[in-house]
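# A structural walkthrough
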Amino acid sequence: MIGLSFTLAITFMMLAAPASVAAAKPDSTPPVIKLIGADSVTIQVGESYRDAGAKASDDVDGDISASIRSVSTLDTSKPGTYAVAYNVNDAAGNAAASVFRFVKVVEAAAEPAAEPAVKAAPEPVAPAATAVTAPAVETVIEDTAEPATEPAVETVVEEVAEPAPETKPAPAAKADTRPPVIKLRGEASISINEGEEFIDPGATAWDMVDGNLTSRIRVSGEVNTSRPAAYMISYNVSDRAGNSAKKVSRFVTVLRTVDMTPPVITLKGGDSLTLVEDEKYIEAGFTAMDEVDGDLTARVEQGGMVNTARPGTYTLKYFVADRADNRTIIERKITVTPRGDAAAGEALAMKKCASCHNITSTKKKFGPGLKGVYGRKAGSMDDFNYSSWLGAGKWSWDKENLKIWLGENTKEAVKKVSGNPDARTKMNFRGLSGDDLDNIIAFLKRNR
Ligand code: HEC
């Protein structure tokens, strides 16, 4: 049934900063996603959906279309509007602005619109304004047996007043041969909205001989207000002599309500939040409610990614549509602030490192110059005679490696960063922790 197997869960990538080579200029331009094909597609229920895909290009990495990840809750067995969200990161961890394609799943055949649900009622013909000229007051009664105006519809006319048993010689001169007359209360044609309660205003009946016969009126037909359609309600009555009135009908049209109100997505945890670099982003969740469709939370599509390894501002998008295709997209802004205080880190470096290193130059001292060491390949300063382990180093001094190098005793740290349990180093340092470690790394990052 479902042409695409998308995963429901979206993973917010926590990308490690890439262990790239000494990159003087960090790549901070995010890639751009472009849809292949239309941004809105309509298919029929049960039809399989083939996604046309998207392209992604990046200023540094070039074509990274293969890395695009798409997610959707698309269910081709259920009518509705769904979104497919496309996300991608470049190698440097920059997230592209997410892009959506809308997939509208529609009912196969033209839906039998507001067809008469049960009772075969003709199109509600506008009945003449003066519906039935029933005797308003007793005295006025004359020959009103045929109310001139009556809904001009064949079905209603079938029952004309029975011919009175005229053949029988009536002993009494005044045999009752006149049928009663029914008069509608209220309008002959009524429209109500789907789901609204229908209260039949009823009708009155008058007979020349029997007088008021309202209580004996028989009502047939019913209105199902949960099914938009045209309905007919008929009223009839007979007098004591067996003369039945001309049947009178009322047309009730139950109108399909048009849902124009989009669903409302509520973000738990607010629409903006701030994280410190490397803090984990945890999706706090959301709900989606629609006036007509109710809870649509499971239909919400998410787009966008947060890479907390890179300070910056990220936008996550949340999309949902109700069955009437009213769409809602909202955003959550996540600001990732840099970790550590570079100024405090510089002061600390003056105290802890300056005895062996030139901090703000590349010139060697007892150790190699530290200017530009952030992102630099290990053991790569030509003027410095490194230990063989660092000299042969294949790693870069990125955030993770510096955390290890400066966060513990270098005797142990060198084994970890080199991956060699026998490695040793000429730098003898016992390690920093907490804010000191964050601050000094923030300083080295700035000191480029
Ligand atoms: C006691 C002297 C000493 C102190 C203190 C010291 N270092 Fe070093 N550092 C060295 C030496 C020597 C090397 C070269 C190690 C080798 O070749 O094995 C080095 C290497 C490094 C490297 C690797 C550089 C490269 O080009 O691969 C970094 C990074 C570094 N030190 C950072 C620091 C920081 C930051 C501090 C202060 C928190 C510090 N060091 C404190 C002596 C020191």
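Residues numbered from 1 in each chain as written. Predicted model: local features only at pLDDT ≥ 70, side-chain atom pairs only at ≥ 80, totals over all residues.

An unreviewed UniProt entry lists the protein under the name Cytochrome c2, from Mariprofundus ferrinatatus.

### Observations regarding the overall build of the protein
Secondary structure assignment for the protein yields 6 helices and 21 strands. Considering the protein as a whole, with its 448 residues, one finds that 30% of them fall into the buried category. Sequence-distant contacts in the protein: of pairs separated by 6 or more residues, those separated by 24 or more amount to 65%. (Helix = DSSP H or I, 4+ residues; strand = E, 2+ residues; numbered from the N terminus. Buried ≥ 20, exposed ≤ 12 C-beta atoms within 10 Å, placed from the backbone. Contact = placed C-beta atoms within 7 Å.)

### Observations concerning unusual backbone geometry
Even without a glycine there, the phi angle at Asp-278 is positive, about 75°. Here Asp-278 falls in the partly exposed class, since 19 other C-beta atoms lie within 10 Å of it. The residue Asp-325 is not glycine, and still its phi comes out positive at about 70°. You can see Asp-325 is positioned in the loop between strand 20 (312-321) and strand 21 (327-337). On the basis of neighbour counts, which here come to 14 C-beta atoms within 10 Å, the residue Asp-325 falls in the partly exposed class.

### Comments concerning the sheet that holds strand 21
Read from one edge of the open sheet, 4 strands run 16-21-20-19, paired in mixed fashion. Strands at the two margins of the open sheet, each flanked by one partner only, are strand 16 (272-276) and strand 19 (301-303). Taken over all neighbouring pairs, the strand axes of this sheet differ in orientation by 25° on average, direction set aside. In terms of strand pairing, strand 16 meets strand 21 through 5 bridges, oriented parallel. In the sheet register, Thr-274 faces strand 21, and the bridge partner there is Thr-335. (Pairing = 2+ DSSP bridges. Axes fitted to C-alpha atoms, helices over the stretch in contact; angles between N-to-C directions.)

### Section: the packing of helix 4 (residues 399-407) against helix 5 (residues 410-418)
Here helix 4 crosses helix 5 at 155°, and the two axes come no closer than 7 Å. With respect to their mutual orientation, helix 4 and helix 5 come out roughly antiparallel. Here Asn-401, Ile-404 and Trp-405 of helix 4 come into contact with helix 5, specifically with Thr-410, Ala-413, Lys-416 and Val-417. Looking at the contact of helix 4 with helix 5 residue by residue, the class counts come to 4 nonpolar, 2 polar and 1 charged. (Parallel < 35°, antiparallel > 145°, perpendicular 65-115°, else oblique. Nonpolar A, V, L, I, M, F, W, Y, C, P; charged D, E, K, R; others polar.)

### Description of the sheet that holds strand 7 (residues 99-106)
Read across the open sheet, the 4 strands follow the order 2-7-6-5; overall the sheet is mixed. Every other strand in the sheet has two partners, leaving strand 2 (40-44) and strand 5 (69-72) as the edge strands with one partner each. Put simply, the sheet's adjacent strands are angled 25° from each other on average, direction ignored. Looking at chain direction, strand 2 and strand 7 are connected through 5 bridges and run parallel. Across the sheet, the residue bridging to Gln-44 is Val-106, located in strand 7.

### Digging into helix 5
Along helix 5, the positions that sit buried rather than exposed are Ala-413, Val-414, Val-417 and Ser-418. Taken down its axis, helix 5 places every buried residue within 115° of arc, on the same side. On its buried face, helix 5 sits against helix 3 (388-391) and helix 4. Residue Gly-419 follows helix 5 closely and has a positive phi angle near 75°. (Arc of directions from axis to C-beta.)

### Looking at the site of the ligand
Near the ligand lie 27 residues; those nearest to it are Cys-353, Cys-356, Gly-367, Ser-387 and Met-427. Elements represented by at least two residues in the shell around the ligand include exactly helix 2 (342-352) and helix 4. (Near = placed C-beta within 6 Å.)

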